[in-house]
Every structure is written in structure tokens, then in C-alpha cells.
Amino acid sequence: MGKPLDLKHSCYPATLLENRRITTPDAIADVRHLALSIDPKVLSYRPGDALGVWFHNDPALVEALLAELSLDGAAPVSLGDGELSLRQALSERLELTQLHPTGVRAWADLARADDLSELAADAARLRAYAGERQFIDLVAAHPARIDAGTLVGLLRPLQPRLYSIASSQAEFEDEVHLTVSVVSYQAHGRDHLGGASGFLGARVGDRDPVRVYVAENEGFRLPEDGATPVILIGAGTGVAPYRAFLQARAANGDAGRHWLVFGNRHFHRDFLYQLDWQAQRKAGRLHRVSLAFSRDDAEKRYVQHRLREEGRELLRWLEDGAHLYVCGATAMGQAVHRALLEILAGEAGLDPDAAEDYLDNLRRAARYHRDLYA
Amino acid sequence: MSAPLHENERIKLASHYLRGTLAQSLADELTGALNPDDAQISKFHGFYQQDHRDLRQERRERYLEPYFGFMLRARLPGGVCTPAQWLAIDGIGRELTSGSLRLTTRQSFQYHGILKRHIKPVIQGINRVMIDSLGGCGDVNRNVLCNPNPVESALHREVHEWAKRISECLLPRTRAYHELWLDGEQVGGGEDVEPLYGESYLPRKFKTAVAVPPHNDVDVYANDLGFVAIAEEGRLEGFNVLAGGGMGATHGDKSTFPRLADPLGFIEPHQTLAVAEAVVSTQRDLGDRRDRVHARLKYTIERIGLDAFRAEVERRAGLRFAPSRPVRFTDQGDRYGWVKGRDDHWHLTLYIESGRLIDGPGHGPMTGLREIARIHQGDFRITPNQNLIVAGVPEARKAGIERLARAHGLLAEERSALRRNGLACVALPTCPLAMAEAERYFPDFMDQVERLAHRHGLADQEMVIRMTGCPNGCARPYLAELALVGKGPGHYNLMLGGDGIGKRLNRLYRENLDETAILAEIDSLFGRFAANRQPGERFGDYLIRDGLVRAVVNPAEDYHD
């Protein structure tokens, strides 16, 4: 999934070197390791940074929407900076895969759909409704006749998506690696494909330029001192920046200890970059590994469960000055936060306020870093 | 000049009586594998590290390690287990392994695809029904074979008791198995003793079988140590002891060969364990620990000579062998269907193709056996031909068991005589040694052989046909009348000339053939056999008589001619 937009724009045309599925065919998630070719003189990034990716919408989605609305793709429309065809606007300039609540509200009026208007009056229901749909699901369920200009006015400008960078330029000077889960699901009677993830994972050819920029992420940096131990907590594609971290520290010859806490569904299907972690351990850089695969056993266990089990060790690392990193979905980040509070209460005997203070102090000391996304 | 000890010797010696670093290997979450040294030590505990070879390349491309799984082989002397044990074995197979079971050519069962974190629950599970896996693999005495003949009921019971005693007597004494798997108390360093094996165990695996003539279903001559029961009027008089048999060979290495065990002489029952220990300790001390390819007892005997070996065993056992008693064997296969024992109970030998128990769509041998186990009150006996005997059935329960067996396709009655005597090892995709398919391909191959036999009017011909994926010989291919030994993907050595009773080695007839060439050879040989055979003559005997294959007399001298 993409992250909120960082407005720093540049439009470097990278090309795709490699698009490799790194989960097995029977894995639920189709996770891709993508390598993009860049010119290091033009584009530079640091471990922790994200890459902003501009993308084109799926032509099949554009045609389906045109058909659904009985509109002519060749019809000229204006987007403020000149005229272009409706088809091109839908493909390259307008947001089709992330439905915004205001779009639902406006469509409810256009379609004179009372049930939709009623739903739109309830902010929570509206958010949930929009979160589960793309624009085409809305117009298919509530048909209305509109013209091309109205459609263009209704849709928000296409936003680039941000992905944590999974490589270090110290090791791959002229490449940038991403770990992208291709969003793909069946709902409301049609196949849905994520906007940017579908673009990167399924549609970009090896000659097509991919417009990218570096989104700096100052809140998610390795410690200044290469000897400082770090605890790297991530679930799913949230593990991506840690691959970059370890590459960078390896290139520096840093002596700090690393503890990887990783969670996903199945050990055999989606242990992302397993061979990388094994190589890092063999090279003496990965000192502790705690894993949680939630679907391998009847009882679901996640990274927060592993942390609780290893609370005493975690405190020892923190006492040694370790930095904590948490990357992945917001819900996971919150669960990890609660687990940390419990550990501080249980293992260090802190009362709830003192435990919160402890984590606040860690954060203020730039030792508790979080990179979470919806 | 003396070569250094083989690497495995260092691993054994450093393992502190088979502990190694198995505990750390099991706790390591980053990999589904063991540390390389522990992957050797684990064999002594009954399990082998394997990986799904079909998936190697694909997984590497996904930055995933191989799909590691473990094969665990139980110790089940003589292959006997109770219905309650069977239900536990079956349940563990379905819940904690790949969902299937294999009956082995050494009368045991093995699980495949056990994940590292499930090894301990599997071992604890079989332990709850009093089954262990100690010595299932590794450089120790393996599961002791014993003729499962349930007909001579009292004699079988007596002989089977000896098989169990031999197995117990030759078990490692280390506490490591209990410590690691059964949460037994740790024993401090130095307190373990292995009075028989010592810290380095044996130079190589060691196989023991007990035969009850006239049946040679255990292929007693293929074992390092063999006991042939000599009975008078149903009472055990003693055993003819054999030593130095073994199947394994290496392609392209003429210093390796399969070998039949030599006779040491006759002993009385009470001398059995002393002789077993003496043979094992002699091999422990004289076996080659520098070169694992020549480490089996058969090469030790070739090197020092049979007379010197016998004398050493006599000295260690404190006895003299009497002259071997005359023995006659009639077959090496199983006797399918119902037979009645002397105690008036009935015994049903089921047909399990390649010993593989897995439920498929519309085909449920695993379910069938489970249902039989729920109502059966006798015992089960896994045969050395990978089949299963439902033994000790009272007359009144015969019909019910037969109904279940038929409903689940477990009866041999619809299979040809060719197929009934077939054996195939597991091979691809799990066995790390396999060079070609065996178990997965065997049924298709047999379809072709049956077609050819039918064409030549040989549809009812009894014939021992075996297939292995490599030359190590788990399915005892060198004792078959016709065998395929894997050479490379889709290619086999065609071996011919066994005698159907396990007393004559076959010989390489054509090397490295693909299926088309193999079938063409068989077609031609079947044609000659059909035209020229004498009444009652076996295929293997005909090939020798007609000069198509020259009999192996002394494999150390003439096997590679």
C-alpha cells in the first residue's frame, strides 16, 4: 500500500530492472521485489527514505469506467493546465483507485441516491464505505448520467504513492529496490487492482520510464553511532527499510548489534528476503531474530506476541542504548506500542504513566522511530 | 600412508553422545534446516533433513531457502504394532506431517515433510504409544527385520521376541534422545556410556534381519547381520548366522558392489545376543572409518577374510559356531489375501503400492486402514515388501475387515502377479540421494510392463521387479529378477538375473537407458522367455540358463565384468 504524499516532487524517469515475486504461488499476498535503475548523480537516497512513485491507472479500469458512464474517451477535457482527452486524464491525471469520502457525497447528490446520501451523513459509515471501494464501484451501484467535464471535476488529482526503500546506495549505487505488495482482490462483482502496486507489479514494461522521487524520512534514520544496537520490528512489507539498514551498516563496517523482529503469515510462503537475513547473520551482523508467522499454527501469533515473550531481552537492549524501529501497518504499530508498555510494566515494574513517559522519552531522544501506514 | 578419518567421524566424536548442537538448531527460527553437523547427528535420532527438490530453484529465485522438511523413521522391530498404535501413527501423520505415511522396506513407517518445529511433537506423539525413532537412521543398527509370518503363530512369536531383543540389545544407550525430545533430565557430561558403540558409534549403517524359512521376505542375505530361524516341529532350535550382506554401490566405482551375506554358522537361541554384539563390536573396531563408501561390514569381511572375521566374532562372543543347518527358501515376496494360522485366527495381507499411504480423490488407503484399526483386535504387521498384514482376526470378524479393505482398494486381488511383487523406494522429490524417479514413476512403468507381459502371454507370471532412484539400494534392487536403478533424470541401469528367492544377485545388463529403450529390451526378453522357458521356470533363472545374463558368483571379483 502507498503512503500519504510527501509533496517534494521530482520526476526522475527510472526504468525497471527487475520485477520478481518473492512470495510463493500459494501465498495470499503477491509481494514483488522491484529493482529500478537510477543515475546516482541525479537521484540519491538514504536508508529510511521512501520512494514516491507516479503511476498510470489500469487501461482496463479506464475503459470499464468509460463504458459504465457511457462517455467517449476521446472527448476533450480541461485540467487547468490545458486540454487533453478524457481517456488520458483518467489514465494519467486522476485518482481512480482510492475513493475519497467527498467523492461519495458528491456522487450521492448527482445520482439522487437517497440511501447513499443517508450513508454519507454518517462520517464513520462513509469512511468505511469509501475505504472498501474504488470510484467505479460507486458509479456501478448508483448509476447516473454525467458529462465528461463533470466527471473530471469530481475526481481528485492522481497522487503518487510512497514505498519504503529496501536497498542502500552504499551497496546498490545505481539502483533502488522496493518491496511492493500487489493489491488485488475481488469485490463488488469485479476484480480490483491497486493503483500503483498494480502499475509496478503487473503493467510496467522494462522500457517504460517510471517517474519517481525520493521522499526523505528524517524520522526513520539509523543511529549516528554505528555501534548503537538497533531493534527492527516490522510486519509484511514493513521489513523493507531494514534490508536497507543492514546493507548500509554492512557497507560502513558498523559494529552495532541488530535484532530483527518480523511477522507475516507463513514461514514457507512469505518470509520476505529470508536469504538476505541468513546472509547477514552468517556475516555476523544479525544477532537476534524473532519471528511470528500468524497462519502457521492454530493460535495466531504476531510480532507483538514475540516481543512480549522476549520482554526481558528487549529491556536489556534498551538499557544498552538500542534504538527501536517499527515499520508496517498502523494497527501493527499500535499493537507493538501496547506490547512495549506491557513489557515496561511487567519487566521493569513501571506504572502505566511511567511506561508512557519512558516511551515518550525514547521518542524525544530519537530512539523510538515509527513508520506506519494505513 | 593413512588417510584422515572421514568428516562424519569428527562430527560423531564431537557430538557428546549424539547431542551435537541439536537443541540450538531446533531453536533457530531463521531457517527450517539444522546446522550441517546436526543434520548428520539427527539421523541417529531417526530423522533426516530433506527438501522438496522440485522447488529448489523457484524458491531461490524468491529469496527463500529450500523447502526443508524432515523424514522420520520409527523403530518397529519386525514391523508389529497394535491397532491403538496404528491410530496414533495415522493421526500424527495427518496432523503434523505432509499428511501421508510410508511403509518401508525395513518394516517400519516413515513420515515425510515434518517441519522443524514439529519434530518434537511427532516424537512425543509416537512415544505416547511406546514407539521410538532411536536408530531409525544413522551409523548404528537400524530397525530389525523379522519375517512377519503369522501362520506359524507360536514360532513367529518366539522369533519376533528375539528380533525385539536384538533391537534393544543394539540400541544406543545415550540419554540424548530422552533429553532432547522427551524432556528427560539432562545428564551431566561424562556420565553417558555407550558400552557397545563407544563415542564414535559404527563406521556406517548396520542392518539386521531375522528370517523364518521357507520365506525370505526379509531378504536376509542383503543384511549386515542375518539370523535364519531353524525350527523343528514349530519349536525354535537356533539360528544360522549370516554376516556381510549389503546392497549399496556407487555408480562408476568398481570397488563398490552389492554383496550377499556369508554364513558364519549355527548358534542356539541363548547365544543370539552375544553373537549380535560381537559382530557389531568387530565391525566397530575393524570397519573403515576413513572412507564411508567402503565402511559397511561387507567390505570389512572382504578385507580381512571370512575365516578371520568368524574367528574374531567367536573370540568376542566366547563361543564356537556349529556348522550351518540346511535351509530352503521359496520366495521373497508376500503372500496376499487371507491365510489361516495354526491358532485358527486369520491373517489378511493387504497390498499397498510402494508402501505409500495417502488419501487421494476417490481413493483412501489411509482412511481404510484407520477404519480397520478402529474395529481390529489383533495386530498389524508391516512387511519387508512395504505391505501390511491385518493379523489375528477371529473367524467372526473376517467379513467386516474384508469389506473395509475392499472398499478402500487395499486388496491385492485385482493386481497382476508382476505388480504384487514390486518394490520402489521413495526417491524424488524428497530423497536427497535420488538421481531419478522411483515411487512416483513405478505405477506408470508397471502399466507398461504389464502391457508387454500380456502381449507375450506372461500376465500371470510371478516376477520380482524393483526400482530405486539411486544405487544405494533401499528397495534392495540387486536381488530382483528385473530392476531399474536410477542413473540420471529419466535414465536407469537395467539389472537382470535375480532368482526370486533372494539368494542370487542380479547383474547390470544395459546401462543408462531411457524408458523407450528399457521397454524395448523387456519386450525382447519377455518374447524369448515366453518362447523358451521350461515349466515353472522363473524369468531370472531363464536369463541365466539361456546365457543372456551371467550369474554373479563372487561380486568382489566378478560383479563388474
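So, here's what we can say about the structure. Computed from a prediction, not measured in an experiment: that's the story for all the values here.

Rules used throughout
Residues numbered from 1 in each chain as written. Chains lettered and ligands numbered in written order. Predicted model: local features only at pLDDT ≥ 70, side-chain atom pairs only at ≥ 80, totals over all residues. Heavy atoms only, no water. Helix = DSSP H or I, 4+ residues; strand = E, 2+ residues; numbered from the N terminus. Rg over C-alpha atoms; globule rule 2.2 N^0.38 Å. Buried < 20%, exposed > 50% of the residue type's maximum accessible area, 1.4 Å probe, protein only. Contact = heavy atoms within 4.5 Å. Areas by Shrake-Rupley, 256 points an atom, 1.4 Å probe, with all protein chains shown as cover. Core = buried A, V, L, I, M, F, W, Y, C linked by side-chain atoms within 4.5 Å. Domains from an automatic or database assignment. Pairing = 2+ DSSP bridges. Axes fitted to C-alpha atoms, helices over the stretch in contact; angles between N-to-C directions. Parallel < 35°, antiparallel > 145°, perpendicular 65-115°, else oblique. Left-handed = near helix turned anticlockwise from the far one by under 90°. Nonpolar A, V, L, I, M, F, W, Y, C, P; charged D, E, K, R; others polar.

Let's shift gears to the overall build of chain B. Along its length, chain B carries 18 helices and 20 strands. Against the globule reference of 24 Å for 561 residues, chain B gives a C-alpha radius of gyration of 23 Å, in line with a compact fold. When burial is assessed residue by residue, chain B has 61% of its 561 residues classed as buried. Nonlocal contacts in chain B, meaning residues at least 24 apart in sequence, comprise 67% of its contacts between residues at least 6 apart. As displayed, chain B has an accessible area near 21200 Å², and 49% of this comes from carbon and sulfur atoms.

What follows deals with the nonpolar core. Residues and elements named next belong to chain B. Core analysis: the biggest nonpolar cluster contains 94 residues, and Trp86, Phe109, Tyr111, Leu350 and Ile372 have the highest contact counts within it. Looking at this core, the element that brings in the most residues is helix α7 (residues 153–169), giving 6 residues. Residues from two domains meet in this core; each of domain 1 (7–46 + 134–317) and domain 2 (337–410) gives at least three. Residue contacts for tyrosine 111: discarding those within four places in its chain leaves Phe70, Met71, Leu72, Ala88, Ile89, Ile92, Gly93, Thr97, Ser100, Leu101, Val122 and Ile126. One finds Tyr441, Val449, Leu494 and Phe529 within the second-largest nonpolar core, a separate group that totals 40 residues.

Let us look at the pairing of strand β18 (residues 482–488) of chain B. All names here are of chain B. The buried fraction of β18 amounts to 6 of the 7 residues, a majority that puts the element mostly inside the structure. Note: strand β17 (residues 465–468) against β18, 4 bridges, orientation parallel. Pairing of threonine 468 across the sheet is with valine 485, part of β18. Inspection of the sheet shows β18 paired to strand β19 (residues 491–496) by 6 bridges, in the antiparallel sense. Bridging from a neighbouring strand, valine 485 pairs with asparagine 493 of β19. Two successive antiparallel strands, β18 and β19, enclose a turn made up of 2 residues, where glycine 490 displays a positive phi of approximately 75 degrees.

All names here are of chain B. Their axes nearest at 8 Å, the elements helix α9 (residues 272–286) and helix α11 (residues 306–317) cross at an angle of 120 degrees. With respect to each other, α9 and α11 are oriented oblique. At the point where α9 passes α11, the crossing takes the right-handed sense. Mapping the contact onto sequence places Ala274, Val275, Ala278, Val279, Ser281, Thr282, Arg284 and Asp285 in α9 and Phe309, Glu312, Val313, Arg316 and Ala317 in α11. Grouping the constituent residues of the contact of α9 with α11 by class yields 7 nonpolar, 2 polar and 4 charged.

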